[in-house]
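An overview of the molecular structure
What follows is each chain in one-letter form.
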Amino acid sequence: MKHNNIPLIEALLEYNKKNMLRFHTPGHKGGKGAEKTIKDIFGKNVFLYDLTEVDGLDDLHNPKAAIMKAQELLSEVYGSDRSFFLVNGATTGVEAMLMAAAGPGEEVVIDRNCHYSAINGLILNGATPVYMMPEIDKRTGLVLGPSRHTLIQTLKKHPGAKALFIVSPTYFGICYDLKSISDIVHEHNIPLIVDEAHGPHLGFHPDFAVSAMQAGADACCQSPHKILGSFTQSSWLHVKGNMIDLERLKKALQVLQSSSPSYLLMASLDSARFFVSSRGRREFDRIISMVRDARVRINNITGLFSPQIMIGDFTIAVPDYTKLTVNVRDSGLNGKRVAYILRNEYKIQPEFADRDNLLFIITCGDNPNKIEALIDALKSIARMNKTVESTNKADWVYPAPKVEIIPRDAFFAHKRRVELKKAAGLISAETVAPYPPGVPLLAPGERITPEIVELILQMEENGIQFHGPEDTRLETIKTVEESLQ
Ligand SMILES: Cc1ncc(COP(=O)(O)O)c(C=O)c1O
């Protein structure tokens, strides 16, 4: 099949050329029924091409025409056996992969550094999580993935586990040695499932880490909307080999995805695939050279540090070139304060900031002038370091999670909000993920020990912020009513 075809774009152009009288959804009828304000902002083409499943187009849940061709091209380009478009982000992909791999009463070995969509996947599939705690890089506080020992021991202790689920690259762009992980996991005859939301570009340049598909994973999902220029929410999923039950995966995707998938999203996926297979290599050369240069220059700014290579115990973690992490631990600056100054004084918006690290996403939409502006701003801010608060470098030792009830039961249980200081001994109904490092300290269904309460209080004193709990100040926490479960 020709990789320079973009079947979904062609199908949309074809449909519009016919100038049909539209007696079908969407109700804006090519824009005629849409509000002027939104038309003025988005332009009329958005409405003309905002179509969903009508005769002449295709059906995402049973594709036979343009979607089928586009997914086949995607699969060829990424080296999978089957690939699927997703219209609700990699979130849907993570959930569907977990629903395909395990069910109620079964165990899944899971990276503790997972995105909350993985916990949602466990709520959906009713499986029991067996978490692997990651190593943390001492200098930056960044997560390096599970150690070899942890991976091997966890698989040994849980011989009945149905799958191993891991996140690589991490949000901060740290890539794991998936080839070695895949070899170990396959010795146990279970599938390796990778949340590769941040890696749709991997495999398209020799300086990048290998992709999950190249490393031998059985399934992975990716978010091209994060890196490759497709519309927000558009993602895809790849499967290779026969360890994943394809029919169950397709059914899960049907359960999770809309019956009116947006052709704008899917056409943008088709063109992202075209981009990566036609221009990717050239554009990635450009990104690599910009980011290599930026890392060297940032490392010359006193107190700032941008990691080039990070070695974990198990993984050789090569930072991804589309993620520029700036660590401020040695500078006396607080990362959140730096982000505030960047936004308000320099009109620079980072992707993310916590106390110790700032994260900047670099894609083919960037250029050396933008990087120059960022580095100039960082230099100026680093010079102000006496005027901002100093960060405490405490490293935290996490207690092993005590899963008392599975995430699904915690989700459906009756809940009670209690003061954090009185919560020891109860079961958490919420995820509590301190940033840094971003690894959950508690997930739904886990026992809150006195040690955990103490750790949260110490972290708060050290300016750590918490993601997950409804009460973001964590004065209170939602717990499971054990008697009413
Ligand atoms: C590691 C990881 N996995 C999955 C997701 C979900 O991806 P999406 O936003 O495409 O649904 C995210 C989102 O940030 C993520 O960081």
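Conventions and cut-offs
- Residues numbered from 1 in each chain as written.
- Predicted model: local features only at pLDDT ≥ 70, side-chain atom pairs only at ≥ 80, totals over all residues.
- Pairing = 2+ DSSP bridges.
- Helix = DSSP H or I, 4+ residues; strand = E, 2+ residues; numbered from the N terminus.
- Axes fitted to C-alpha atoms, helices over the stretch in contact; angles between N-to-C directions.
- Contact = placed C-beta atoms within 7 Å.
- Parallel < 35°, antiparallel > 145°, perpendicular 65-115°, else oblique.
- Left-handed = near helix turned anticlockwise from the far one by under 90°.
- Nonpolar A, V, L, I, M, F, W, Y, C, P; charged D, E, K, R; others polar.
- Near = placed C-beta within 6 Å.
- Domains from an automatic or database assignment.
- Expected span 1.5 Å × (residues − 1).
- Buried ≥ 20, exposed ≤ 12 C-beta atoms within 10 Å, placed from the backbone.
- Right-handed = clockwise from strand over helix to strand, strands pointing away.
- Core = buried A, V, L, I, M, F, W, Y, C linked by C-beta atoms within 7 Å.
- Arc of directions from axis to C-beta.

**What to know about the sheet that holds strand E3 (residues 128–132)**
Each strand in a sheet pairs with another by means of backbone hydrogen bonds, the pair being arranged parallel or else antiparallel. The sheet built from seven strands is open, its strands ordered E1-E10-E9-E8-E6-E2-E3 with mixed pairing. Each end of this open sheet is capped by a strand with a single partner; those strands are strand E1 (82–86) and E3. Taken pair by pair, the neighbouring strands of this sheet meet at an average axis angle of 20 degrees, ignoring direction. In the sheet, strand E9 (residues 219–222) pairs with strand E10 (residues 235–239) via four bridges, with the strands oriented antiparallel. Bridging across to E10, Gln 222 finds its partner in Trp 236. Sheet strands in contact with helix H4 (residues 66–78) are E1 and E10, and its direction is about 120 degrees off that of E1.

**Structural notes on the packing of H4 against helix H12 (residues 263–278)**
Viewed as axis vectors pointing N to C, H4 and H12 meet at an angle of 30 degrees, and their least axial separation amounts to 10 Å. As judged from the angle between their axes, H4 and H12 are roughly parallel. The handedness of the crossing between H4 and H12 comes out as left-handed. Contact residues: Ile 67, Ala 70, Leu 73, Leu 74 and Val 77 in H4; Met 266, Asp 270, Arg 273, Val 276 and Ser 277 in H12. A class-by-class count of the residues in the contact of H4 with H12 yields seven nonpolar, one polar and two charged.

**Digging into unusual backbone geometry**
Excluding glycine, a negative phi dihedral is what most residues carry, and trans is how most peptide bonds are arranged. A cis amide bond, omega 0 degrees, links Thr 25 with the succeeding residue Pro 26. With an omega of -5 degrees, the peptide bond running from Ser 168 to Pro 169 counts as cis. Inspection of the secondary structure assignment puts Pro 169 in the loop between strand E6 (164–167) and strand E7 (174–175). Of note, the phi angle at Asn 19 is positive, near 50 degrees, even though the residue is not glycine. In this fold, Asn 19 is placed in the loop between helix H1 (7–17) and helix H2 (36–42). Even without a glycine there, the phi angle at Leu 474 is positive, about 55 degrees.

**What to know about the site of the ligand**
Every one of the 13 residues lining the ligand counts as a neighbour, but Gly 89, Ala 90, Thr 91, His 115 and Ala 197 are closest to it. Per-element tally for the shell around the ligand: the top contributor is helix H5 (residues 89–101), with four residues. Here the residues of the shell around the ligand sort into five nonpolar, seven polar and one charged.

**Observations concerning the domain arrangement of the chain**
Splitting the chain by domain gives domain 1 (7–278), domain 2 (280–387) and domain 3 (407–484). For domain 1 versus domain 2, the distance between C-alpha centres works out to 27 Å. Across the boundary between the two partners, domain 1 contributes 30 residues, which contact 27 residues of domain 2. Taken together, the elements giving at least two residues each to the side of domain 1 that touches domain 2 come down to strand E5 (143–146), helix H7 (148–157), E7 and H12. Its residues assigned to classes, the side of domain 1 that touches domain 2 shows 15 nonpolar, 10 polar and five charged.

**Quick look at H4**
With 13 residues, H4 extends 18 Å between its outermost C-alpha atoms, agreeing within 8% with the 18 Å of an ideal straight helix rising 1.5 Å per residue. Where the residues of H4 are buried, they touch H1, E1, helix H9 (212–215), E10 and H12. Directly after H4, the chain includes Gly 79, whose backbone phi takes a positive value near 70 degrees.

**A short note on the pairing of strand E2 (residues 107–111)**
Taking burial as the measure, the five residues of E2 include four buried ones, the bulk of the element. Note: E2 against E3, five bridges, orientation parallel. Residue pairing for E3: Val 109 is matched across the bridge by Val 130. Note on the crossover from E2 through helix H6 (residues 116–125) to E3: the handedness is right-handed. Inspection of the sheet shows E2 paired to E6 by two bridges, in the parallel sense. Bridge assignment links Val 109 to a residue of E6, and that residue is Leu 164.

**Notes on the environment of Ala 410**
In this fold, Ala 410 is placed in helix H16 (residues 407–412). Sequence separation between Ala 410 and Ser 428 is 18 residues; the distance between their C-alpha atoms is 8.1 Å. With near-sequence residues (within four places) excluded, Ala 410 lies in contact with Ile 405, Ala 429, Pro 444, Gly 445 and Val 480.

**Examining the packing of H1 against H4**
Put simply, H1 and H4 touch, their axes get as near as 8 Å, and they point 160 degrees apart. Regarding the angle of H1 to H4, the classification is roughly antiparallel. Facing Pro 7, Leu 8 and Ala 11 of H1, the residues of H4 in contact are Ala 66, Ile 67, Lys 69 and Ala 70. Of the residues contributing to the contact of H1 with H4, the split by class is six nonpolar, no polar and one charged.

**Quick word on the sheet that holds strand E13 (residues 323–327)**
Taken together, three strands build an open sheet; the order of strands is E13-E15-E14 and the sheet is antiparallel. Both outer strands of the open sheet, E13 and strand E14 (352–353), are each paired with one neighbouring strand and no more. By the bridge criterion, five bridges tie E13 to strand E15 (residues 357–361) in an arrangement that is antiparallel. Residue pairing for E15: Asn 327 is matched across the bridge by Asn 357.

**Comments concerning the nonpolar core**
In terms of nonpolar packing, the biggest core is built from 128 residues, with Leu 8, Leu 98, Val 108, Leu 164, Phe 165, Ile 193 and Ala 217 touching the most fellow members. Sort the elements by how many residues they give to this core and H12 lands first, with nine residues. Once residues lying within four places of it in the same chain are set aside, the contact partners of Val 108 are Leu 98, Ala 101, Ala 102, Ala 127, Pro 129, Val 130, Ala 161, Lys 162, Ala 163 and Phe 165.

**Observations concerning the environment of Asp 183**
Within the secondary structure, Asp 183 is located in helix H8 (residues 178–187). Note on Asp 183: 13 C-beta atoms within 10 Å, which makes it partly exposed. Sequence-wise, Asp 183 and Thr 302 are 119 residues apart; in three dimensions their C-alpha atoms are separated by 42 Å.

**A word on H8**
Those residues of H8 lying buried are Leu 178, Ile 181, Ser 182 and Val 185. Projected down its long axis, H8 shows its buried positions confined to an angular sector of 100 degrees, all on one face. Here the buried face of H8 lies against H7, E6, strand E8 (192–195) and H9. Phi for Asn 189, located one or two positions after H8, is positive at around 60 degrees.

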